[in-house]
Amino acid sequence: NINDVDILLQFPDPMKDGDEIIVTGPRDFNLIGNPELANCNEFRWVGGVQLPVTGEPGCTCDLQNFCSIRWIIDESKDPAYPQNQDLHFKVGTTNPSKTPFLTDNYWKVAHMKGSVVKSSHIFQGWSVNPQLENVDLRLVGTKYAAGKISDIEVKFTPITDADTLKIEAIFPTQFNFDQSTVPLPYDIDSRSEGSTLIINRGGFRAGVMATIAINTVRLGRAGGQTRFNFVTYKDETLDLGEKRDEKLDFAGGFRLPGLISVISAPILRSQYQDARAMFPVKSIFQPRVQEDAKAEFTLSFSRAVQASERLLVTCQGQAKYQLKQSPFVVIGIGEIETNVEIDTDGILRATLKPGRPATEVALQADTPYTIIMWVLPVQGTNTWRFDTSDGGSLPTNTNDGELNGFAPVEQFVLGVEAVRSPPRAVVNVILNIDVGNAIVRELIIVTPPEFSFDDSAGGCGNMCLPGESFATNRKTATIASPTGEPLTQLQGIQVRVLTPEQTPSSVTWYVEGRGQGAGTTVGWGEGAGFFVTQMAATNVMYPAVATVQQAQIVFTFALNVNAGNQINIVAPPGFILTCSTEGALKQISLPGGKPNCIDDPLQIVVDTTLTRDQYAFALLVDLPPETPAANTFSIIIRDLDNNVVDAAYSIQGKPIVAIPVTRPYLFWSQSEPGQRTEVTIGLEFTLTTEGVKAVLIMLPETFIHDVQTPTDVQNMNKDFRVAAGSDWADTQYTDRIKIALDDSGGGVDIDPGVYRFKFPVLVPPSMPNSNYWSISLCNDRDCQQPDDRYIIVSFPIAGFSLYELPPEAIRPPNMDRESRGSTAGVVFIATLLLLILR
């Protein structure tokens, strides 16, 4: 379009009303504005209106496409317009597609009076540079981003026949055609360089659209609306005189997307890594497939991104991740507001600064931004594509999907089994591992806290070697083929493990699989382990009296295997256990002959293997003056090779009390199986004692009392003030008798003295394994068991054997009361005498 055709006229004759002024342009120059009004295109006077009455001219075109500007003068004065005075105006027109023929390329003016030409003149028109028509420039390659190698396509319709096309990329800068190619018959001229491409052998024909594919083009820098020059020439000489058509500063082609660059290596974090305190072990491992993970990308954009544009995130390939709508964060200097949705194709679309004007910048150019999003990984290869879009046919920025995906590892399934799990014992643990599709050359086994692998046999199993410590006091072992071959037999893997004393806070096991290359993790898994099982039916009973000496302490336990012949006891600090002196050890239900015994550390060795059964034995103990800080016992059963067969650790001891009670006493009249015997049991109080409300006497298992009437229970010392009436002895349960003290007036004190109670008992056909009696002092009449909350102190007394004579039956008759008390319940002498009599 030519908006300012400036026409200045002077006439040698004055104009008269009725004269006609005609200005005719060259052929194909259209001067008409509105065809219906027949007015002239953008007519305006220069220097003021010169024909105010006549007004503006009209414009018409003839059949030969010559257009004229025409006035019929009517100024109502004489002269209507003086001679030699400027008539100055401007009009608009449009250049034709090419310069008109020489004789047609003139502007003509005539002053007419009727049919008489008063004056005339001609002025040669300008040369028109023919413009290529229907020009189109498209980005057709697979890569769109600035600076990438891609393909473009040029289309145009020539006005003039030509054979050579010159293309110049003006903007963005740094387009490069040095490596470009074009299909035959086109040929790239050797003078092509950088952003200029010359194509010969074009055979371009006027009016026939040409399409040229240009491959391997280095796209310009940064991105933006492209501007190109296109010029055709007669031939490859590029003679300016032979220039044909052109299209200069063409901005109607594609908009080059900016480049999205990855600033630092993307990170995929497992869902556990943000909660290390809660998942101290899992947070160490790599993210797994089919388990939520957090992806983090740091990107920059070569073109600024405006508000309300969208950031598109696409995971593409055979293993597309599921992208999560929330949480999603874009962080620059601060967090960028976004509105996120996931479309039906699984593409995440985040509108940046929604609701803000498009003139506002959302993401600055060449500035790092961190994108954090949650995904569900799957196994396989993929790539990540990032685009920004304002709704146009091409993105405003892109990375062309050239970011390789992550490598999440397989989810292993781990099963853990152990037939037995006693504390501080070497046990066989069976591992069953499903590694999915992973190829595993090495397994790292991670125990729960405080477990460890046994390496006493040069390893912890087949191909198993103990390794380094792991997080949170865990131990590791490596299972690998000595030849480096993949491990294929992953079911029923047996490893030897040393258990801890107690079940730790977590019993979860972990396994990590590694593949080709050092430290290359291919998968990991976890599995619930087993609890450390303390030896069953374990109990320790003793009189928790400060500084008491030579008291009996009874241990009970149950074995569930046929193994072991050593019993080791670990007592709290300040406790002195004795088993080696004559009569100190009461075997109760320990099998075999007299055991070998060591006092410190206390060890009992029986002469036969222990079998699956319940056991009890008694020792002598001296107690400290107060409760020790670490008030626990341990019982460990070992075999001849010193291997732990079973054990019980941290058996809670009793709080030590200061109470003046000592010398428990047990006497029986006879011990024939199934027969009635009279049992006498009691204690000695050395000082006045207050606070005792009842005395609880417990019989051994399978023993029952044979109290038929209240008078069957006898108080052998009337100084012991029992409750008033005949019901001071509670005999409702056959395995116990409870003696109630007089509670009138708030209760009574017990004076120093020896106090015993006598009652009938039925001897069982066979002695129980836990063959011991107990006599307890209660601070409340509701006491029912020797270890309930109402007990002040309990004295266990080893029971008698079948046919065993009572101690006093084998004593010299002059033994005083004190000596009788000190040896009450001694089984060893009676048993020896029984053997002699037989």
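Residues numbered from 1 in each chain as written. Predicted model: local features only at pLDDT ≥ 70, side-chain atom pairs only at ≥ 80, totals over all residues. Heavy atoms only, no water.

1. Regarding the environment of I73
Logical step 1: Here I73 lies in the loop between β5 (67–72) and β6 (87–93).
Logical step 2: Looking at I73, the relative accessible area reads 1%, which means it is buried.
Logical step 3: For the pair I73 and K654, spaced 581 residues apart in the sequence, the C-alpha separation amounts to 134 Å.
Logical step 4: Setting aside its immediate chain neighbours within four residues, I73 contacts M15, K16, D17, G18, D19, I21, L51, T54 and A80. (Helix = DSSP H or I, 4+ residues; strand = E, 2+ residues; numbered from the N terminus. Buried < 20%, exposed > 50% of the residue type's maximum accessible area, 1.4 Å probe, protein only. Contact = heavy atoms within 4.5 Å.)

2. Thoughts on the sheet that holds strand β14 (residues 210–218)
Two pairing modes exist for strands in a sheet, parallel and antiparallel, and in both the strands are linked by backbone hydrogen bonds.
Logical step 1: With antiparallel pairing, the three strands of this open sheet are ordered in space as β9-β10-β14. Here the strands that pair on one side only, and so sit at the sheet edges, are β9 (133–139) and β14. Here the average twist between neighbouring strands, direction ignored, is 15 degrees.
Logical step 2: Examined bridge by bridge, strand β10 (residues 149–157) and β14 share seven bridges and lie antiparallel to one another. Residue E153 lies in a different strand from β14, and its bridge partner there is A213. (Pairing = 2+ DSSP bridges. Axes fitted to C-alpha atoms, helices over the stretch in contact; angles between N-to-C directions.)

3. What about the nonpolar core?
Logical step 1: If you look at the biggest cluster of nonpolar residues, it comprises 74 residues, and the most contacted ones within it are F555, F557, F617, L619, I739, F759 and W773.
Logical step 2: Not counting chain neighbours up to four residues away, the residues in contact with F555 comprise N539, V540, I569, L577, Y615, A616, F617, L619, F633 and I635.
Logical step 3: Counting residues in each nonpolar core, the second largest holds 33 residues, with V427, L443, I493 and A647 among its members. (Core = buried A, V, L, I, M, F, W, Y, C linked by side-chain atoms within 4.5 Å.)

4. A word on a negative patch on the surface
Logical step 1: Negative charge collects at one region of the surface, where E690, D719, D749 and D751 lie side by side.
Logical step 2: Structurally, D749 can be placed in the loop between β56 (736–740) and β57 (753–762).
Logical step 3: Residue D749 is classed as partly exposed on the basis of its relative accessible area of 41%. (Patch = residues over 30% accessible without salt bridge, like charges linked within 9 Å, V, L, I, M, F, W, Y side chains within 5 Å. Areas by Shrake-Rupley, 256 points an atom, 1.4 Å probe, with all protein chains shown as cover. Salt bridge = Lys/Arg side-chain N within 4 Å of Asp/Glu carboxyl O. Lys, Arg positive; Asp, Glu negative; His and termini not counted. Charge placed at Lys NZ, Arg CZ, Asp CG, Glu CD.)

5. Re the state of the cysteines
Logical step 1: Under the counting rule described, the total for this entry stands at five disulfides.
Logical step 2: The disulfide bridge from C61 ends at C67, spanning 1.8 Å between sulfur atoms. Negative torsions about the S-S bond denote left-handed disulfides, and the value of about 95 degrees found for C61 with C67 makes this one right-handed.
Logical step 3: Judged by relative accessible area, which is 31%, C61 ranks as partly exposed.
Logical step 4: You can call C67 buried: its relative accessible area is 1%.
Logical step 5: Bridging C579 to C597, the disulfide has an S-S length of 1.3 Å. Since a negative S-S torsion denotes a left-handed disulfide, the C579-C597 link at about -105 degrees is left-handed. Here C597 lies in strand β45 (residues 596–598) and C579 lies in the loop between β44 (576–578) and β45, a separation of 18 residues in the sequence.
Logical step 6: Judged by relative accessible area, which is 4%, C579 ranks as buried.
Logical step 7: The disulfide pattern of the protein chain is 1-2, 3-4, 5-6, 7-8, 9-10 when the bonded cysteines are numbered in sequence order. (Disulfide = S-S within 2.5 Å.)

6. Thoughts on the pairing of strand β58 (residues 772–778)
Logical step 1: Most of β58 is tucked away: seven of the seven residues are buried.
Logical step 2: Both faces of β58 are covered, namely the face carrying Y772, S774, S776 and C778 and the face carrying W773, I775 and L777.
Logical step 3: With five bridges connecting them, strand β52 (residues 694–698) and β58 associate as antiparallel partners. Directly across from I697, in β58, lies its bridge partner I775.
Logical step 4: Taken together, the seven bridges between β58 and strand β59 (residues 791–798) define a ladder with antiparallel strand orientation. Bridging across to β59, S774 finds its partner in P796.

7. Structural notes on the sheet that holds strand β3 (residues 44–45)
Logical step 1: Read from one edge of the open sheet, three strands run β1-β6-β3, paired in antiparallel fashion. The open sheet has two free edges, formed respectively by β1 (2–9) and β3, since each of these has just one partner strand.
Logical step 2: In terms of strand pairing, β3 meets β6 through two bridges, oriented antiparallel. Its bridge partner lying in β6, W45 is registered against F89.

8. A closer look at empty space enclosed by the protein
Logical step 1: What the rule picks out here adds up to two cavities of 30 Å³ or more.
Logical step 2: Volume-wise, the largest cavity comes out at about 40 Å³.
Logical step 3: Every residue along the wall of the largest cavity is listed here: G682, L683, F685, V695, F720, Y755, F757, I775 and L777.
Logical step 4: Where the lining of the largest cavity is concerned, the elements lending two or more residues are β51 (676–685), β57 and β58.
Logical step 5: The element contributing the most residues to the lining of the largest cavity is β51, with three residues.
Logical step 6: In the lining of the largest cavity, the residues fall into eight nonpolar, one polar and no charged.
Logical step 7: Looking at the second largest cavity, its volume works out to about 30 Å³. (1 Å grid on protein atoms, 1.4 Å probe; cavity = no way out; pocket = protein on both sides within 12 Å on 5 of 7 lines; lining within 4 Å. Points joined across faces, edges and corners; volume = space filled by probe spheres on them. Nonpolar A, V, L, I, M, F, W, Y, C, P; charged D, E, K, R; others polar.)

9. Focus on the pattern of salt bridges
Logical step 1: The full count for this structure, using the stated rule, is 38 salt bridges.
Logical step 2: Between E442 and R514 there is a salt bridge; the shortest N-O distance is 3.7 Å. Highlighted residues: E442 in strand β34 (residues 442–446) and R514 in strand β39 (residues 508–514), separated in sequence by 72 residues.
Logical step 3: Within this structure, K143, K148, D400 and E402 form a network of salt bridges that share partners.

10. Structural notes on the pairing of strand β26 (residues 348–352)
Logical step 1: β26 sits mainly inside the fold: four of its five residues count as buried.
Logical step 2: Bridge count between strand β22 (residues 310–316) and β26: four bridges; the pairing is antiparallel. Note that in β26 the partner of V313 across the bridge is L348.
Logical step 3: Sheet topology places strand β25 (residues 338–342) next to β26; five bridges connect them, and they run antiparallel. Its bridge partner being in β26, N339 is matched across the sheet by T351.
Logical step 4: A loop of five residues connects β25 with β26, the two strands running antiparallel in sequence, and G346 in this loop sits at a positive phi of about 80 degrees.

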